[in-house]
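Chain and residue survey
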Protein chains: 2
Amino acid sequence: MRRFPQPIVNLVAAFSRLPGVGPKTALRYVFYLLKQPKADLSVMARALVELGEKIQVCEQCFTYSERTDCEICTDPKRDPSVVCVVEESRDIATIEATNVFQGLYHVLGGTLNPIEGMTPDVIRIKEITDRVEANTNIQEIILALSPTIHGETTMMYLQKQLARHGRRVSRLARGLPVGATLEFADEVTLGDALKGRRGI
Amino acid sequence: MRRFPQPIVNLVAAFSRLPGVGPKTALRYVFYLLKQPKADLSVMARALVELGEKIQVCEQCFTYSERTDCEICTDPKRDPSVVCVVEESRDIATIEATNVFQGLYHVLGGTLNPIEGMTPDVIRIKEITDRVEANTNIQEIILALSPTIHGETTMMYLQKQLARHGRRVSRLARGLPVGATLEFADEVTLGDALKGRRGI
């Protein structure tokens, strides 16, 4: 990058570490911020510090929360007999938005991908098997991972690990998404949609 | 956005104000930051605060600097008889990188665009005319604005304003950029390149 005053260079360096942000985009952010009132800079700075200070990880489901026992795990209205395994904390928000699931969660923290260093001991596989073993009232584990190569591998691995505990292990249905056209559906999805057809 | 702990929501809101960043991108940034060491968050927070505290505007050329008299304006090796008018502070870095220009600068702070509220009194047109009037040793003013509609309008306007002071007013040459092919050059650029041809 070209010569700018040090405070600009420092912030550009900090922003450049964000995913998908290069020095040019970072510089654009900085020049935008320079035109804003100084209070906006303090607000962003405070939000960053608070993120580091206040966000913790729930000790049971490993989601990000302001407490070590998250709102979902401690909600007496939730059904503790069903645990939904998701890849990341943000997937919980996506599933919660459907208003369909009333059970608890388990955040895996990634999917199996040995080339990228994501081996079974790096993601929280032991934590979910331990939890299932310790809680005899867990009757079903829903594997809600994305149907990608790594997601499928992880679900297959988890299913084998959990099978020995004798609980029901399920996965999300595959089928046509709302608004899809038959013409452009791939054969695997369409095949699964046919196999999983429902009476109307 | 869906329900997340307040510190996450706050930072997403702050990041969403950056240009080209929506709630989804902001959330991606926040989840990336959550996986980084806490020291990284403090570094970014400190850089933000320092940007607000340390960056000032040069009183002569209006570029961003750590002082109110910038390094270029106070450099005795620079030629004070030529002033280059640019749109934004960052354009100075681009021109400096060429190592061709040794004069001083004037940052306009935008180009004329009345629909967006950029009228002659919003950008620093009075400041440059006042500066030219006060400094009789300024012999040439280079208008280094982008050859877009708004840039051209602004250059035309500035040229009229500056004409009465009897100094040389020039603009950047139009021609083929390095690596261009004649086949795809537009007729205006090619016409100007022909008119501005040089002996070799």
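Rules of the game
Residue numbering note: each chain is counted from 1, following its sequence as written. The lettering of chains begins at A and the numbering of ligands begins at 1, in the order of writing. Confidence filtering applies because this is a predicted model: local features only for residues at pLDDT of at least 70, side-chain atom pairs given and counted only at 80 or more, and all residues used for totals across whole chains, interfaces and linings. Each helix corresponds to a stretch of at least 4 residues labelled H or I by DSSP, and each strand to a stretch of at least 2 residues labelled E; elements are numbered beginning at the N terminus. Using C-alpha atoms as the atom set, the radius of gyration is obtained and then compared with a globule rule of 2.2 Å times the number of residues to the power 0.38. Counting other C-beta atoms within 10 Å of a residue's C-beta gives its exposure: the residue is buried at 20 or more, exposed at 12 or fewer, and partly exposed in between, where C-beta atoms are placed from the backbone. Each nonpolar core comprises buried Ala, Val, Leu, Ile, Met, Phe, Trp, Tyr and Cys residues, the members being joined through C-beta atoms within 7 Å. Contact between residues is assigned whenever the C-beta positions, reconstructed from backbone atoms, fall within 7 Å. Any residue that is not Ala, Val, Leu, Ile, Met, Phe, Trp, Tyr, Cys, Pro, Asp, Glu, Lys or Arg is counted as polar, Gly included; the first ten are nonpolar and the last four charged. All the domain ranges listed were derived from an automatic or database domain assignment. In this description, strands pair whenever DSSP reports at least two bridges between them. Whenever a helix is involved, its axis is fitted only over the stretch in contact; in every case the axis is a line through C-alpha atoms, and angles between N-to-C directions fall within 0 to 180 degrees. The labels follow the angle: roughly parallel below 35 degrees, roughly antiparallel above 145, roughly perpendicular from 65 to 115, and oblique for the rest. By the definition used in this description, the sense in which the near helix is turned from the far one sets the handedness, with an anticlockwise turn below a right angle giving left-handed and a clockwise turn giving right-handed. Here the copies are matched by least squares. The fit uses the C-alpha atoms of residues with pLDDT of at least 70 in both. Our arc is simply the arc of the directions from the helix axis toward the C-beta atoms.

Structural notes on the overall build of chain A
- Across its full length, chain A carries seven helices and six strands.
- When the helices and strands of chain A are listed from N to C terminus, the series reads α-α-α-β-β-β-α-β-α-β-α-β-α.
- Here the C-alpha atoms of chain A give a radius of gyration of 22 Å, more than 25% beyond the 16 Å that 2.2 N^0.38 yields for 200 residues.
- Taken along the three principal axes of its C-alpha coordinates, chain A extends 65 × 45 × 35 Å.
- Buried positions account for 30% of the 200 residues belonging to chain A.

Examining the nonpolar core
- If you look at the biggest cluster of nonpolar residues, it comprises 46 residues, and the most contacted ones within it are V30(A), L48(A), L51(A), V30(B) and L48(B).
- Apart from the residues lying within four places of it in its own chain, the contact partners of V30(B) are L51(A), I8(B), L11(B), V12(B) and F15(B).
- Counting residues in hydrophobic clusters, the runner-up holds 27 residues, among them C61(A), V86(A), I128(A) and M155(A).

Let's talk about the interface of chain B and chain A
- Taken together, the contact between chain B and chain A spans 42 residues of the former and 42 residues of the latter.
- Elements supplying a minimum of two residues to the side of chain B that touches chain A: helix 1 (6-15), helix 2 (23-34), helix 3 (38-54), strand 2 (64-65) and helix 4 (89-96) of chain B.
- Considering every element that reaches the side of chain B that touches chain A, the biggest residue donor is helix 3 of chain B, with 13 residues.
- Of the residues contributing to the side of chain B that touches chain A, the split by class is 27 nonpolar, five polar and ten charged.

As for the domain arrangement of chain A
- Domain boundaries assigned for chain A yield domain 1 (6-54) and domain 2 (78-171).
- For domain 1 of chain A and domain 2 of chain A, the distance between their C-alpha centroids amounts to 35 Å.

A short note on the sheet that holds strand 5 (residues 140-143) of chain B
Residues and elements named next belong to chain B.
- In spatial order, the strands read 4-3-5-6; together these four strands make up an open sheet with parallel pairing. The sheet is open, and its two borders are formed by strand 4 (103-107) and strand 6 (168-171), each paired with just one other strand. Across this sheet, the average inter-strand angle for adjacent strands is 25 degrees, counted without regard to direction.
- In the packing of helix 4 onto the sheet, the strands contacted are strand 3 (79-86) and strand 4, and the crossing angle to strand 3 comes to about 120 degrees.

Regarding the packing of helix 3 (residues 38-54) of chain A against helix 1 of chain B
- Where helix 3 of chain A contacts helix 1 of chain B, the two axes come as close as 9 Å, and the packing angle between them is 150 degrees. Between helix 3 of chain A and helix 1 of chain B, the crossing angle belongs to the class labelled roughly antiparallel. Like other packed secondary-structure pairs, helix 3 of chain A and helix 1 of chain B cross with a definite hand, here left-handed. Contact with helix 3 of chain A, carried on its side by V43(A), M44(A), A47(A), L48(A), E50(A), L51(A) and K54(A), involves P7(B), I8(B), N10(B), L11(B) and A14(B) of helix 1 of chain B and no other residues of that element.
- Looking at the contact of helix 3 of chain A with helix 1 of chain B residue by residue, the class counts come to nine nonpolar, one polar and two charged.

Things to note about the relation of the copies chain B and chain A
- Note on the identical chains: chain B maps onto chain A by a rotation of 179 degrees and an axial translation of 0.0 Å, with an RMSD of 0.1 Å. Given the turn and translation reported, the copies of this chain are related as if by a two-fold rotation axis. Distance from the rotation axis, computed per C-alpha, reaches its smallest value in chain B at A45(B): 2.1 Å.
- Interface overlap between copies is the fraction of interface residues in one copy that are interface residues in the other; for chain B against chain A it reaches 100%, indicating a shared surface.

A word on the environment of Q161(A)
Residues and elements named next belong to chain A.
- Mapped onto the secondary structure, Q161 falls in helix 6 (residues 149-163).
- As a C-alpha pair, Q161 and T189 span 28 residues in sequence and 26 Å in three-dimensional space.
- Look past the residues within four positions of Q161 in its chain and what remains in contact with it is I125 and T129.

Let's talk about helix 4 (residues 89-96) of chain A
- Buried residues of helix 4 of chain A: S89(A), R90(A) and I92(A), and no others. One side of helix 4 of chain A holds all its buried residues, which, seen down the axis, span an arc of 145 degrees.
- Buried residues along helix 4 of chain A sit against strand 2 (64-65), strand 3 (79-86) and strand 4 (103-107) of chain A together with helix 2 of chain B.

Quick word on the sheet that holds strand 4 of chain A
Residues and elements named next belong to chain A.
- Taken in spatial order, the four strands line up as 4-3-5-6 in an open sheet, and their pairing is parallel. A single partner strand is all that each edge strand has here, and the edge strands are strand 4 and strand 6 (168-171). Going from strand to strand, the sheet's axes swing by 25 degrees on average, the running direction of each strand aside.
- Looking at chain direction, strand 3 and strand 5 (residues 140-143) are connected through four bridges and run parallel. Among the inter-strand pairings, C84 is bridged to a residue of strand 5, identified as I142.
- Relative to strand 3, helix 4 is tilted by about 120 degrees, and along the sheet it contacts strand 3 and strand 4.

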